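Here is what each chain is made of, one letter per residue.
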Amino acid sequence: MTRTTRKQPASPAAPAVPVLDPPTPDPFLSDRPVVPPGKPLIEVEDLHKSFGGLHVLRGITTTIKKGEVVVVIGPSGGGKSTFLRCLNLLETPTSGRIWFGGEEIVSGGSLQRDGTDRRLSHRARERNLNRYRSDMGMVFQRFNLFPHMTVIDNISMAPRMIRGVSREAAEKKAMELLERVGLPDKARAYPSQLSGGQMQRIAIARAMAMEPRVLLFDEPTSALDPEMVGEVLAVMQELAANHMTMVIVTHEMNFARDVADRVLFLEGGVILEEGPPSVIFENPSQPRTRDFLSKIIAGAPEASAK
Ligand SMILES: Nc1ncnc2c1ncn2[C@@H]1O[C@H](COP(=O)(O)OP(=O)(O)OP(=O)(O)O)[C@@H](O)[C@H]1O
Ligand SMILES: [Mg+2]
């Protein structure tokens, strides 16, 4: 049997031959529970969120599978942003449960989907919560790039600071991502030198740099001039084609129809209806869904009288 691990020199006189260890797996990434494609990556059970006396989310239950693209639509104030913010724990849910890769995130990963409790230390729970947050990349309506940093620094900073990736490796990865979003020539530019569409593509690259397991988008194109919407949607379309798991709040209904595996219609803090885009857009069962769609899409099914 041949040994492939580190060898001793044949004799003390033999020249030292550098023997490379196999690359150490990134503890940040290798720590993740494995979820096969098509299996639930995120499970949400009876999620509620109140702000003081305002009961915004009123019992959301749904499952997002690995590789699935879920589009969330619905009227203003219905709780779409709050839902996304609860998913990545920017907001703490008032009640309910969220499982990510089989671990309950509100409890910091100590509870397993099978009901067992791993009784993690406070520190381990904190570490798990931080991991969940970075497992869920988020792209906001406004680009949220750091204005005093170049594009490449914006993209490579979190992997360097949070995951301890070397500058060289983080910048190499950032350049690959810039190629992917079609902006390699902007690496040394500052955000103020970019158009809105370019900034949003950089924001997507930055979210991808942490190698998240799911990307959450909150109306990523609604602050853009119309001529820039397409370039951002094209990047998202490419991600979808490559089986990135995504939850997208958008009013771009043609895009939703094209990329969504499933559409959730959220109103009044509940999922009023969900299904494949062909059903939701062509033949929704709820009058409220019809009514909403008829207001924003020309040629959508007419709202039923009353
Ligand atoms: N931090 C907060 N404190 C108090 N109320 C909040 C907070 N965040 C959201 N809300 C309220 O919760 C409700 C739902 O807001 P949310 O932003 O989730 O709606 P939305 O569906 O994303 O709407 P839009 O389409 O306008 O973005 C609104 O009434 C909003 O005012
Ligand atoms: Mg919103």
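Residues numbered from 1 in each chain as written. Chains lettered and ligands numbered in written order. Predicted model: local features only at pLDDT ≥ 70, side-chain atom pairs only at ≥ 80, totals over all residues. Heavy atoms only, no water.

Novice: Pulling in residues and values, what's your account of empty space enclosed by the protein?
Specialist: Tallied over the entire structure, the rule returns one cavity of 30 Å³ or more. Of the volumes computed, that of the largest cavity is approximately 40 Å³. Along its surface, the largest cavity is lined by L177, R180, V181, I204, M208, V235, E238 and L239. The greatest single-element share of the lining of the largest cavity, amounting to three residues, is contributed by helix α7 (residues 226–241). Per-class residue counts for the lining of the largest cavity are six nonpolar, no polar and two charged. (1 Å grid on protein atoms, 1.4 Å probe; cavity = no way out; pocket = protein on both sides within 12 Å on 5 of 7 lines; lining within 4 Å. Points joined across faces, edges and corners; volume = space filled by probe spheres on them. Helix = DSSP H or I, 4+ residues; strand = E, 2+ residues; numbered from the N terminus. Nonpolar A, V, L, I, M, F, W, Y, C, P; charged D, E, K, R; others polar.)

Novice: Which residues make up the sheet that holds strand β4 (residues 95–100), and what are the values?
Specialist: What the four strands build is an open sheet, ordered β2-β1-β4-β5; its pairing is antiparallel. Edge positions in the open sheet fall to β2 (54–65) and β5 (103–104), since each of these has one partner strand only. Where strand β1 (residues 40–51) lies against β4, five bridges are found, and the strand directions are antiparallel. By the bridge assignment, V44 is partnered in β4 with I98. Where helix α2 (residues 80–87) meets the sheet, it contacts β1, β2 and β4, and its direction lies at approximately 120 degrees from that of β1. (Pairing = 2+ DSSP bridges. Contact = heavy atoms within 4.5 Å. Axes fitted to C-alpha atoms, helices over the stretch in contact; angles between N-to-C directions.)

Novice: For the environment of T221, give the residues involved together with the corresponding values.
Specialist: In this structure, T221 sits in the loop between β7 (214–218) and α7. Sequence separation of T221 and E252 is 31 residues, and the distance between their C-alpha atoms is 8.3 Å. Those residues in contact with T221 that lie beyond four places of it in its chain are V229, V232, L233 and E252.

Novice: Please set out the sheet that holds β7 residue by residue, giving values where relevant.
Specialist: Across the sheet, which stays open at both edges, the six strands sit in the order β6-β7-β8-β3-β9-β10 with mixed pairing between neighbours. This sheet does not close on itself; its edge strands, each paired only once, are β6 (136–139) and β10 (270–275). Between one strand axis and the next, the sheet turns by 20 degrees as a mean value, whatever way the strands run. Both strand β3 (residues 69–73) and strand β8 (residues 246–249) contribute to a ladder of four bridges, which runs parallel. Among the inter-strand pairings, V72 is bridged to a residue of β8, identified as V249. Contacting β6 and β7, helix α6 (residues 196–209) crosses the sheet at an angle of about 170 degrees to β6. Against the sheet, helix α10 (residues 287–296) touches β3, β9 (262–267) and β10, its axis set at about 95 degrees to β9.

Novice: Give a description of the pairing of β3 that names residues and reports values.
Specialist: With respect to burial, β3 is a largely interior element, five of its five residues being buried. Sheet topology note: the β3/β9 ladder contains four bridges and is parallel. Each bridged residue has a counterpart across the sheet, and for V71 the counterpart in β9 is V263. (Buried < 20%, exposed > 50% of the residue type's maximum accessible area, 1.4 Å probe, protein only.)

Novice: Which residues make up the packing of aromatic side chains, and what are the values?
Specialist: Scanning the model with the defined rule gives two aromatic pairs in all. Between F100 and Y132, the aromatic rings sit 5.9 Å apart at their centres with planes inclined by 70 degrees, giving edge-to-face as the arrangement. Within this pair, whereas F100 is found in strand β4, its partner Y132 is found in helix α3 (residues 122–135), the two being separated by 32 residues in sequence. An identical accessibility class is assigned to F100 and Y132; each is buried. Where F265 meets F292, the ring centres are 5.3 Å apart and the plane angle is 50 degrees; that geometry is what we call tilted. Taken together, the residues span a long stretch of sequence, with F265 in strand β9 and F292 in helix α10 at a distance of 27 residues. What makes F265 buried here is its relative accessible area of 0%. (Phe/Tyr/Trp six-rings, centres within 6.5 Å; stacked < 30°, edge-to-face > 60°.)

Novice: Kindly report on the nonpolar core, identifying the contributing residues and their values.
Specialist: Counting 51 residues, the largest nonpolar core has I73, I155, I204, F217 and M246 as the members making the most contacts within it. The residues touching I73, leaving out its near neighbours within four places in the chain, are K80, T250, M253, V263, L264, F265, L266, I280, F292 and L293. Among the nonpolar cores identified, the runner-up in size contains 30 residues, and I42, L47, V72 and V214 belong to it. (Core = buried A, V, L, I, M, F, W, Y, C linked by side-chain atoms within 4.5 Å.)

Novice: Residues and numbers for the pattern of salt bridges, please.
Specialist: Applying the stated criterion to the full structure yields 16 salt bridges. R262 is paired through a salt bridge with E68; the nearest N and O atoms lie 3.0 Å apart. Note that R262 is positioned in strand β9 and E68 in the loop between β2 and β3, a separation of 194 residues in sequence. E68 carries the same exposure label as R262, and that label is buried. (Salt bridge = Lys/Arg side-chain N within 4 Å of Asp/Glu carboxyl O.)

This is a description of form; function is not addressed.
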